[in-house]
Amino acid sequence: MSKQNFIKGTFILTCTGLASRVIGFFYRIFLSHSIGAQGLGLYQLMVPLQNLVLALTTSGIQTALNRLIASQTALKHHREAKNIFCTGLLTAFSLSVGASWILYTNSDFFAGQILKQPLTEPLLQILSFSFPLSAIHSCINSYYFARKKTGIPSGLQLLEQLVRVGSSFLICRILISQNRPVTASIAAGGALVSELFAASAGLLLIAAEFSREQYSFFQAHSFAARLREICHTSFPLTLNRVLLTLLGSIEVVLIPQRLQLYGLSPSDSLGIYGVFTGMALPLILFPSTVTNSASVMLMPSVAEMQALGFRRRIRHITGKACTGCLLLGTLCAAGFFLFGPFLGNILFHSPTAGVYIRTMAFICPFLYMNTALVSILHGLGKNVRSLVHNAAGILIRISFVLFAVPAMGIRGYLYGILISEILLSSLHITALYRCE
């Protein structure tokens, strides 16, 4: 990948990411005012389960398609790239339909026994319909990322965000006009409608492109051979995502329960969790849009340089990436520490959110740098090592949830996040140094 393409792709993704984050912040503010901290907490409880389903059905295939389609495109095998895309799309869609059926028919079990919150049952039923749509959307994004057409995935991301906000607001107004309670269902409904629009728009775009190139989905053949290739590439990636998601899910489910041991009521513990995950954390993650965008372009660049034997250039780009991320993280840490209480009050009308923002400020340099370091490790083919590092970081956080939260409240979890991010930075840098 040329430097010009890298900068162009990063710029497009950064602009789109920033716009999406801005829209997302206003959306969070709207939700915090409409459904309250407890409603946000209920909705956020579903996120780990949603991530687990996506990890099992889509995430590994999505990354595998990105790599396989890129390699075939580089070899000018454009028809083969389309055959691989069709095979991957059909596989991810089929797996997602099966997962949706399981979640919908067993929503009471997942709500009561897994999430420990029966009130999430209707939200899970709404969420279940979004997985096949997410599979379509994700695979289409991978197709265009592999061909370095970042404009189309960026446009679909903006469309998804705008529809999510608009549909949630419309549902909210309808409920108010009918004198019905406004619950977290408006967020779940908005997510479903947004995925429907994004998947439909993506299908229209890719169908138009295939039509121009005189290719039909039904022309794809040798599905079994391509499926084996996709599975061979996606299996370790899927295992990585599933293990990390499972550990993360355990962490999220434990937090409200351990907060109750600290002395909070069930509603208060859910509210505190909602303030942290729905207000403070998104603000801390806002600047990472830049590092996330660079990381999307960084992984294929490093893989390409490794294949060409440009080890010195890999060292150079690694140093540049770390320096840039550390600089951005340090500036953001200072800003969040100084203005955290003000931001919590002005954006969310929550002094508690301001306290969490100030406390979380110290993780910014490590959090932003780790995004780039993980991308470089994946580009070098060190997926297993990255998995081990991330698992170690999550285990650190779970330990703090188990032992520090009952004694210190949510502050114990915040300290666990800081220590885990420092550990991850150390492990990633050590691994890259040994790759020299």
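Up top you'll find the structure we're talking about.
The shown structure was predicted, so the numbers you read here are calculated from the model rather than taken from an experiment. (Residues numbered from 1 in each chain as written. Predicted model: local features only at pLDDT ≥ 70, side-chain atom pairs only at ≥ 80, totals over all residues. Heavy atoms only, no water.)

### As for the overall build of the protein chain
Scanning the protein chain from N- to C-terminus turns up 17 helices and zero strands. Taken over C-alpha atoms, the radius of gyration comes to 22 Å for the protein chain, in line with the 22 Å a tight globule of 436 residues would show. With the C-alpha coordinates of the protein chain rotated into their principal frame, the extents come out at 60 × 50 × 35 Å. The proportion of buried residues among the 436 residues of the protein chain is 52%. Positive and negative charge centroids in the protein chain, built from 31 and 13 side chains respectively, lie 8 Å apart. (Helix = DSSP H or I, 4+ residues; strand = E, 2+ residues; numbered from the N terminus. Rg over C-alpha atoms; globule rule 2.2 N^0.38 Å. Buried < 20%, exposed > 50% of the residue type's maximum accessible area, 1.4 Å probe, protein only. Lys, Arg positive; Asp, Glu negative; His and termini not counted. Charge placed at Lys NZ, Arg CZ, Asp CG, Glu CD.)

### Brief notes about helix α4 (residues 107–114)
Among the residues of α4, Ser 107, Phe 110 and Ala 111 are the ones counted as buried. The buried residues of α4 occupy one face: seen down the axis, they fall within an arc of 95°. Count one or two residues on from α4 and you reach Lys 116, which has phi positive near 60°. (Arc of directions from axis to C-beta.)

### Side note on the packing of aromatic side chains
For the coordinates displayed, the defined rule picks out eleven aromatic pairs. Ring geometry for Phe 30 and Phe 169: centres 6.0 Å apart, planes at 55°, overall tilted. Of the two residues, Phe 30 is situated in helix α1 (residues 3–34) and Phe 169 in helix α7 (residues 151–177); the sequence distance between them amounts to 139 residues. The rings of Phe 85, Tyr 143, Tyr 144 and Phe 210 are connected pair by pair, giving a single aromatic cluster. (Phe/Tyr/Trp six-rings, centres within 6.5 Å; stacked < 30°, edge-to-face > 60°.)

### A short note on helix α14 (residues 364–379)
The end-to-end C-alpha separation of α14 is 23 Å, in line with the 22 Å expected for 16 residues at 1.5 Å each. Most of α14 sits out of view: 13 of its 16 residues are buried. (Expected span 1.5 Å × (residues − 1).)

### Points about the nonpolar core
With 85 residues, the main nonpolar core has Leu 31, Leu 124, Ile 284, Phe 336, Tyr 356 and Tyr 413 as its most contacted residues. With residues near it in sequence (within four places) discarded, Phe 336 still touches Leu 283, Ile 284, Pro 287, Leu 343, Ile 357, Arg 358, Ala 361, Cys 364 and Tyr 368. One finds Leu 65, Ala 146, Tyr 215 and Ile 230 within the second-largest nonpolar core, a separate group that totals 24 residues. (Core = buried A, V, L, I, M, F, W, Y, C linked by side-chain atoms within 4.5 Å. Contact = heavy atoms within 4.5 Å.)

### What about the packing of helix α10 (residues 266–285) against helix α13 (residues 351–360)?
At their nearest, the axes of α10 and α13 sit 9 Å apart, and the two run at 50° to each other. By the criterion of interaxial angle, the relationship of α10 to α13 is oblique. For the pair α10 and α13, the sense of crossing is right-handed. Counting all contacts with α10, which are made through Ile 272, Val 275, Phe 276, Met 279, Ala 280, Leu 281, Leu 283 and Ile 284, the residues of α13 involved are Thr 352, Ala 353, Tyr 356, Ile 357 and Met 360. Looking at the contact of α10 with α13 residue by residue, the classes come out as twelve nonpolar, one polar and no charged. (Axes fitted to C-alpha atoms, helices over the stretch in contact; angles between N-to-C directions. Parallel < 35°, antiparallel > 145°, perpendicular 65-115°, else oblique. Left-handed = near helix turned anticlockwise from the far one by under 90°. Nonpolar A, V, L, I, M, F, W, Y, C, P; charged D, E, K, R; others polar.)

### Topic: unusual backbone geometry
Of note in this structure, Asn 179 is not a glycine but carries a positive phi near 55°. Here Asn 179 is to be found in the loop between α7 and α8 (185–212). Accessibility expressed as a relative area gives 74% for Asn 179, which makes it exposed.

### Side note on the pattern of salt bridges
All told, the structure shown has four salt bridges when counted by the stated rule. Of the charged contacts in the structure, one is a salt bridge between Arg 226 and Glu 80, with a shortest N-O distance of 2.7 Å. Here Arg 226, found in helix α9 (residues 223–261), pairs with Glu 80, found in helix α3 (residues 78–105); they are 146 residues apart in sequence, far enough to count as distant. Under the relative-accessibility criterion, Arg 226 is labelled buried at 6%. A residue is classified by how much of its surface remains accessible, and Glu 80, at 22% relative accessible area, is partly exposed. Here Glu 209 ties to Arg 147 by a salt bridge, and the two come within 2.4 Å at their closest N and O atoms. Of this pair, Glu 209 sits in helix α8 while Arg 147 sits in the loop between α6 (130–146) and α7, and the two are 62 residues apart along the sequence. Take Glu 209: its relative accessible area is 3%, and that puts it in the buried class. (Salt bridge = Lys/Arg side-chain N within 4 Å of Asp/Glu carboxyl O.)

By themselves these figures say nothing about function.
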